[in-house]
Amino acid sequence: MTATKHLSASDTSPRVWQRMLSGRRLDLLDPSPLDIEIADIAHGLARVARWNGQTSGAHIFSVAQHTLLVEAVMREQTPRVDLGFRLAALLHDAPEYVIGDMISPFKAVLGGDYKAVEKRLLAAIHIRFGLPAVLADELTRQIKEADRGAAYLEATQLAGFAQGEAKRLFGRDPGLPAAVQADYLTPWTAARAEKRFLARFRTLHG
């Protein structure tokens with residue numbers, strides 16, 4: 001007689017965690033700040049493409065490079081903003097190192113479940129790096145405004161949008177100096193994006 005193997009609940013339940021290169025195992029439904037490492041975030045974001053990869057250039061325009069652009073736009077728009085607030089801008093899309101970058105139309109299709117996972121991950125990331133789990137409304141507004149400014153630049157210079165269409169969808173050109181635009185809007189290699197993200201994080205986090 002062949003013995004029947006009894007499966008425990010843990011054997012049959014779906015896996016909801018991801019193992020990182022650091023060795024950390026991050027639970028997507030109940031993320032612990034202790035399982036979050038900035039090296040994993042930088043590595044992942046440097047390899048996630050904005051605009052589903054539909055951008056010009058020899059390399060993808062990564063989420064890591066986008067977050068650096070957003071932080072640069074925030075510096076331009078609110079030059080006296082606290083370093084901690086700039087760090088929050090740099091990390092605003094950090095959950096995407098786990099869940100990827102989904103374009104806004106697809107997020108709308110998925111509905112609330114996606115946003116709930118994203119919010120839990122962002123709260124854990126904030127706690128890990130000394131930020132409030134939930135940001136003040138005014139800071140959230142400032143980051144969103146900088147994010148929209150960065151999206152306008154990316155849309156018009158990399159993703160094939162006409163200026164009028166981009167203005168309708170994302171708002172106005174944030175007015176970054178030409179030299180800054182030339183740097184941040186030239187898609188980098190993944191290695192360079194990761195390195196620059198980490199360098200900026202260390203400047204802002206101390």
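Up top is the structure.
Residues numbered from 1 in each chain as written. Predicted model: local features only at pLDDT ≥ 70, side-chain atom pairs only at ≥ 80, totals over all residues. Heavy atoms only, no water.

Describing the side chain of Thr-67
Here is step 1: Looking at the element boundaries, Thr-67 is found in helix H3 (residues 63–77).
Here is step 2: According to the relative accessible area criterion, Thr-67 is buried, its value standing at 0%.
Here is step 3: Apart from the residues lying within four places of it in its own chain, the contact partners of Thr-67 are Ala-89, Leu-90, His-92, Asp-93 and Phe-197. (Helix = DSSP H or I, 4+ residues; strand = E, 2+ residues; numbered from the N terminus. Buried < 20%, exposed > 50% of the residue type's maximum accessible area, 1.4 Å probe, protein only. Contact = heavy atoms within 4.5 Å.)

Here's the deal with helix H11 (residues 190–205)
Owing to its 3.6 residues per turn, the α-helix brings residues three or four apart onto one side.
Here is step 1: Taking 1.5 Å of rise per residue, the 16 residues of H11 would be expected to cover 22 Å, and the 22 Å separating its terminal C-alpha atoms lies within 8% of that figure.
Here is step 2: Restricting attention to buried positions, one finds in H11 the residues Ala-193, Glu-194, Phe-197, Leu-198, Arg-200, Phe-201 and Leu-204. With its buried residues spanning 165 degrees around the axis, H11 presents them on a single face. Summarising the geometry of H11, the exposed residues directed more than 90 degrees from the buried face are Ala-191, Lys-195 and Arg-202.
Here is step 3: Residue Gly-206 follows H11 closely and has a positive phi angle near 85 degrees. (Expected span 1.5 Å × (residues − 1). Arc of directions from axis to C-beta.)

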